[in-house]
Amino acid sequence: MIKIDSKLPLVGDTIFSEMSQLARATEAINLGQGFPDFQPDSDLLEAVCNAIRHGPNQYAPMEGIQTLREVIHNKVLAHQQCEYDTNTEITVTSGATEAVTATILALVRPGDEVIVIDPAYDMYAPVVQLAGGIVRRAAMLPPSEEHLGFTLDWNAVATELNPSTRLLILNFPHNPGGGVLTTEDLDALEDLAQKYPFLLLSDEAYEHIVFDNRPYLSPVNRPSLAARCVLISSFAKTLHATGWKVGYCCAPVEISREIRKVHQFAVYSVNTAVQAGIAAYLQDSSVIAQLSAFYQRKRDRLIAGLQGSKLRPLLCEGTFFLLVDTIAVGNISEKALAIRLTKEAGVASIPVSAFYQNPNASQANHHLLRLCFAKQDSTLDFAIERLARI
Ligand code: GLN
């Protein structure tokens, strides 16, 4: 037998795969992994089918098809007042995941330090490790009675920053916390950026799902930050099509050039017809404008349904995830509870501890579960009924 000395010895299946598998095996309602249980808009399906039928169906340009890059250009300009060169600074990728991986592999050199917020989406740290980088975790402040949500702690970020910091990875609207960046956050970030020459990776996959009329602020809203930032997003959540894996990254030309070197050898180019279909569909920009209200109704339906149950909803400013406090259910680890609720109550969720560097540490267990509300109202009602019985 050949013995493989693993490059990622501690990595197993993701918590999302694990909980989805358990949900299938137990026939539980899956509010774990984040994906809609409804179809994308029929106009979008039509646009993609049309592109498949009539082309283009051969290789797309490595950087993505022109019309889709134009859509991205106009969208980022309209929402963040930040203008990227369509030809040299916008790249279509195989989902935000590939954009994140290409960015980290292109920018992080062996021994470089990378700051990852704790808790954070699961993919960042392993990819930094693959690039030979060193992960430094900056803890968020957990929810408290004063603030029923996670708070980005700029002092914690400042403590980890030093001249060897190559990259700071942000992900707002935050998965799993549901928080968004404020102007004060951008002020703090600009202050730190004046002190050290780090680059920024801003994963904004949930950019168009922000509630209660809050503005959505990206770091690229500030020119000084845009100059060092890689803005990454995806059409998955915006178009209810997580399986299509079409995302993008925008960055100044010198940075984009390096990212494209990795992208061209990782995937070369992204499937052409889906890009063409999305570009045609998004000529109508009202689609995006309606998304936050659509999800706000679902968020409020779930919150209202949980009133009087043992699950206490926390603040949810954006994304399609709601955190619930489970202390009233009992003092048991988040993962153990998520598994029991899947098997016994018939509803799968994601333990927030899984997003921490060390999921088993007591600092990672705040009695929180993440529920995905990107579901049909009937699915939510079904789940609510089951959760109310706990
Ligand atoms: N982004 C999705 C989530 O947070 C999961 C994607 C995945 O399964 N890798 O639930």
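In what follows, the structure referred to is the one given above.
It should be emphasised that the depicted structure is a prediction, and the values quoted were computed from it without experimental measurement.

Caption draft 1: Region of the structure containing helix α10 (residues 272–281). Burial of α10 is extensive: nine of the 10 residues sit out of reach of the surface. Along α10, the residues classified as buried are Thr272, Ala273, Val274, Gln275, Ala276, Gly277, Ile278, Ala279 and Tyr281. The backbone nitrogen of Val274 has a side-chain oxygen 3.4 Å away, supplied by the residue at the start of α10, namely Asn271.

Caption draft 2: Structural view of the side chain of Glu113. Summarising the element assignment, Glu113 is placed in strand β3 (residues 113–118). Polar contacts involving the side chain of Glu113 include one to the side chain of Asn162, which spans 2.8 Å. Excluding its chain neighbours within four sequence positions, the residues that come into contact with Glu113 are Ile134, Arg136, Glu160, Asn162, Ser164, Thr165, Arg166 and Leu167.

Caption draft 3: Highlighting the site of the ligand. In the vicinity of the ligand, the residues found are Phe16, Gln33, Gly34, Tyr121, Asn175, Tyr206, Lys237, Phe321 and Arg370. Here the ligand has 300 Å² of accessible area as a free molecule, and 79% of this is covered by the chains. Looking at the shell around the ligand residue by residue, the class counts come to four nonpolar, three polar and two charged.

Caption draft 4: Layout of the pattern of salt bridges. Scanning the entire structure with this criterion turns up 19 salt bridges. Where Arg137 meets Asp118, a salt bridge forms, and the shortest distance between an N and an O atom there is 2.8 Å. Of this pair, Arg137 sits in strand β4 (residues 134–139) while Asp118 sits in strand β3, placing them 19 residues apart in sequence. Its relative accessible area of 9% is what places Asp118 among the buried residues. For Arg299, the salt bridge is made with Asp300, and the minimal N-O distance between the two is 2.9 Å. When its relative accessible area of 7% is taken as the criterion, Arg299 is described as buried.

Caption draft 5: Structural context of helix α12 (residues 291–306). Its 16 residues place the ends of α12 23 Å apart at the C-alpha level, agreeing with the 22 Å of an ideal helix rising 1.5 Å per residue. Within α12, the full set of buried residues consists of Leu291, Ser292, Tyr295, Lys298, Arg299, Leu302 and Leu306. Along the axis of α12, the buried residues cluster in a sector spanning 130°; they form a single face. Contact partners of the buried residues in α12: α11 (286–289), β9 (312–313), β10 (321–325), β13 (368–372) and α14 (377–388). Among the residues trailing α12, Gly308 stands out with phi positive, at a value near 85°.

Conventions adopted
Residues numbered from 1 in each chain as written. Predicted model: local features only at pLDDT ≥ 70, side-chain atom pairs only at ≥ 80, totals over all residues. Heavy atoms only, no water. Buried < 20%, exposed > 50% of the residue type's maximum accessible area, 1.4 Å probe, protein only. Helix = DSSP H or I, 4+ residues; strand = E, 2+ residues; numbered from the N terminus. Polar contact = N/O pair within 3.5 Å; in protein donor to acceptor, adjacent residues only side chain to side chain. Contact = heavy atoms within 4.5 Å. Near = heavy atom within 4 Å. Areas by Shrake-Rupley, 256 points an atom, 1.4 Å probe, with all protein chains shown as cover. Nonpolar A, V, L, I, M, F, W, Y, C, P; charged D, E, K, R; others polar. Salt bridge = Lys/Arg side-chain N within 4 Å of Asp/Glu carboxyl O. Expected span 1.5 Å × (residues − 1). Arc of directions from axis to C-beta.

Functional significance is not addressed by these values, which are geometric in nature.
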